[in-house]
Structure formats: structure tokens, C-alpha cells
Amino acid sequence: MTDHSNRNSGSHIISRLMQRYPQYVVFNFDKLDYCASLDNLRGVEAHPNYHFIRVMSTLLSLISALTSHLLQGDITSFDFVNYVLQEQNIDTIIHAAAQSHVDNSFGDSFSFTQNNVVGTHVLLQAARVNNISCFVHVSTDEVYGEVEPGNPEATENTLLAPTNPYAATKAAAECIARAYFKSFKLPVVITRSNNVYGPNQFPEKIVSKFITSILSGEKWCASQKGLNSRHFLYVTDVADGIIDVLHKGMPGLVYNLGTDFEISNLALARYLLVLLGRLSVPTEVVTANGAGPGSDGALPGDKSSRMAFAPVPPAAALLPVLERCGQLAREDEFVVHVEDRPFNDRRYPIDSTRAHALGWAPLVHFDEGIRHTVDFYARLMANTDGVARGLRDWWPRRSTGSQAPGSPSAAGGI
């Protein structure tokens, strides 16, 4: 069983499981809140071994729904979780459910505790009662707290020092999970990944948010002068890492899933503006490196894109220049600097040697992944009256009070 899988990472985990292991019977347990979309799993919903769990209001409708494979799952309900595990003979849990947008955790931290801590505890207890054979707990690099420039990468044994309410709830959930391994011998394995980007992601995280801001003609709000940086992993690489840990990981261990690709928020903004033709490539890069991936900016062999990307040099050549250069011409038309959130970690480098020993490594280069990601959001805009309509169609459960992509009051951090 996987939970919260109508979202970004979860949907890719399920899709890859169904493609590679069609003999697996997979139950998707999802609450379907604002950042979930049924469209994220349209490609597998007809598979006979895929079942989406939707909560019903009475036991009678619950039993009926189990038969028709239509249930909606709230992991904070022990009775319901326990019922599903027993009735469906679940033997494995991939726990990816979480409130995960850091900015929101500063304003509504109680909901993060309820979902991330209580929800995890409920799942662990239900797993213990039902003798689950493997429990994969999906966590985050943010539990390590800030790693100052020049300091070593965080390893799985680094002291946890979360600095924001979201990261604190994920660290607390990990503590409970590890306690269940120690006290009850529950076979728990934990993953901690860098920042995830890619198709299916609700546009509140920095990559998806900035892409939709550009496409809708809105300004992006840069906090902390955009100098804080992140390591970005394409979503299928994260999904592959979690599946590798599921099959090969040792109970009781933690596995970092990280990448060496690091970029500041401001350089990311500049890169996307250049890629989408809003700003020009700095002259020194063009002179030194030529035209880039292709005459039209597309990757070799990529014939499916809806976007006509600008002919830019590879990210490895362009990003160092964008990091150190002054403000680009017309940059202030697209980027506005705003007050930062209460605390914003500078960076999260992690050591993934342990995961590499399982045979995992990131495969999707940023040049490729970012184009697939931009193309996904561009497709949402096709045949609609703009990006806002496209996002409403894909994520119909978005809160009416949620901020539109590019909204000046919305922080541009992660």
C-alpha cells in the first residue's frame, strides 16, 4: 500500500511499480486534499491490480466502496487504516503522505503535526498490529537543518536539527518510526531525499511555482535575495530510489537520496527565464560554449515538446555564470525581492553513498528534467484561457483561499 499517491512523488512511485511489477497488487491510500489530482494516475487506473482507496461515511458504504475500489484514505484514522490492512491483506507500506510546503507550516503548524506526526504514528501502530513485512517511511533532507557552505555533506548519522515546523514534524515522525523498529522489531526503512521537481507537482514548490509564474506572466517573489540554494532531484529518480530501498534496503537503516546538482533560487529563476526566452543568455556564456543543446533548445531526440525553448548552453556551463553575474537586463520585470519567511535554511547537501551501494543513482540530468517539467505545465495551459484555468482543471480541490502562481504575497521559497 502507498499513501498520498495522487501527488507528485507518490504518483510516480505507483506508476513505476505497476509498469515494472505488474504482479504487485497496489492500494493507493489518499486523502485527496488540495495538492492531489486524480489525473496524476490516469495511466494506471485501469490496471486490474491497482486500487484507489476512498473513505466513505458509513461502514456499509465502506464495504461497498472496497468492492468497487473507490475509497479515500485519511491516515489519521486508526480504525479505518487497520480495517483496510486487515481486509486487503496488505504486507508492505510506502508512507509518502505528508503536509510538505514549508511556508504553510509557519502559518498552520498544528495541521502539520496532525498529518505528519499523528498520521505516521497511526500507520506504524496499524502496521505493527498487522505484521507488515516492510514499512518504507519517506522523509526529507530538511530534518538535518542548515548545512553551512564549506561544511561536510550530511550523512545518515548526522544529528537531526530541524529549523522549521515542517522539518520538525518530519523529524518527530522519524523518531517514532525508529522507535517502532527498536521496540517492536517493525521492519522500518527510511529515505531522506533532496528537493523533488517534475511533472504532477502542485505549483507551490519553487520549480513548479516559478514555471507557472512565467507562463502566466506573473512576477516571481525571491526571498533572502534568492541566495539560498537547493539540490534538485527529478521525480522519477526519487521514485526509483524509494523502490530500490523497498526491495534492497536493510530494516532499521536510513538512506539519503541526493544529488550533486545545486543551484541558488535566483540562478534558477534566471535559468528558467533564459530557457523560456524572457531574458538573454549572458554574452560570456555564448562566446565560450556556443549554442547549447540544440538549435531550437530541445534535447536531441525530443520531438514531443509543446515548447519552443530558447537555444541555451547546457546548465553546467550557464548556471555558474548566472550565480555570479549581476542583475540581468530586464530581470526586474520578472523577479521581485520580498521579505523572507521566519527562517530559511541556506542549503541541504547530503551524502548518498549508502543508496549508491544499493545500485541507485540519479539518471535524469537537469537539462532534460526541467524541459519535461516545463512541458507538463505548458500542456495544462493548452486549449484553456490561461494557466490558472489549467491548474484548476488538474487540481480541482485547490483551496479557494490558496494563492495563485506568481501572487506577490506568495513566498517564492521552498
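Scroll up for the structure.
Let us look at the structure shown here. (Residues numbered from 1 in each chain as written. Predicted model: local features only at pLDDT ≥ 70, side-chain atom pairs only at ≥ 80, totals over all residues. Heavy atoms only, no water.)

## Description of the pairing of strand β5 (residues 92-95)
Item 1. Because side chains alternate across β5, one face comprises the buried residues Thr92 and Ile94, and the other comprises Ile93 and His95, equally buried.
Item 2. Pairing of β5 with strand β6 (residues 134-140), which is carried by four bridges, proceeds in the parallel orientation. Its bridge partner lying in β6, Ile93 is registered against Phe135. (Buried < 20%, exposed > 50% of the residue type's maximum accessible area, 1.4 Å probe, protein only. Helix = DSSP H or I, 4+ residues; strand = E, 2+ residues; numbered from the N terminus. Pairing = 2+ DSSP bridges.)

## Quick look at the nonpolar core
Item 1. With 67 residues, the main nonpolar core has Tyr271, Leu272 and Ile370 as its most contacted residues.
Item 2. Looking at this core element by element, the count peaks at nine residues for helix α9 (residues 265-275).
Item 3. With near-sequence residues (within four places) excluded, Leu272 lies in contact with Phe210, Ile211, Ile214, Ile370 and Val374.
Item 4. Residues Ala97, Leu124, Ala126 and Leu186 belong to the second largest nonpolar core, which totals 27 residues. (Core = buried A, V, L, I, M, F, W, Y, C linked by side-chain atoms within 4.5 Å. Contact = heavy atoms within 4.5 Å.)

## Examining the packing of helix α7 (residues 206-215) against α9
Item 1. Interhelical geometry of α7 versus α9 gives an angle of 40° and a closest axis separation of 11 Å. The angle between α7 and α9 falls in the class oblique. Helix-helix and strand crossings are classified by hand; for α7 and α9 the assignment is right-handed. Residues Ile206, Val207, Phe210, Ile211 and Ile214 of α7 pack against Asn265, Leu268, Ala269, Leu272 and Leu273 of α9.
Item 2. In terms of residue class, the contact of α7 with α9 is built from nine nonpolar, one polar and no charged. (Axes fitted to C-alpha atoms, helices over the stretch in contact; angles between N-to-C directions. Parallel < 35°, antiparallel > 145°, perpendicular 65-115°, else oblique. Left-handed = near helix turned anticlockwise from the far one by under 90°. Nonpolar A, V, L, I, M, F, W, Y, C, P; charged D, E, K, R; others polar.)

## Describing unusual backbone geometry
Item 1. With a phi angle near 55°, Asn89 is a residue other than glycine that sits in the positive phi range.
Item 2. Classification of Asn89 as exposed rests on a relative accessible area of 65%.
Item 3. Backbone geometry places Arg330, a non-glycine residue, at a positive phi of 70°.
Item 4. With respect to the helices, strands and loops of the structure, Arg330 is situated in the loop between α11 (315-324) and β13 (335-338).

Distances and angles like these do not, on their own, reveal function.
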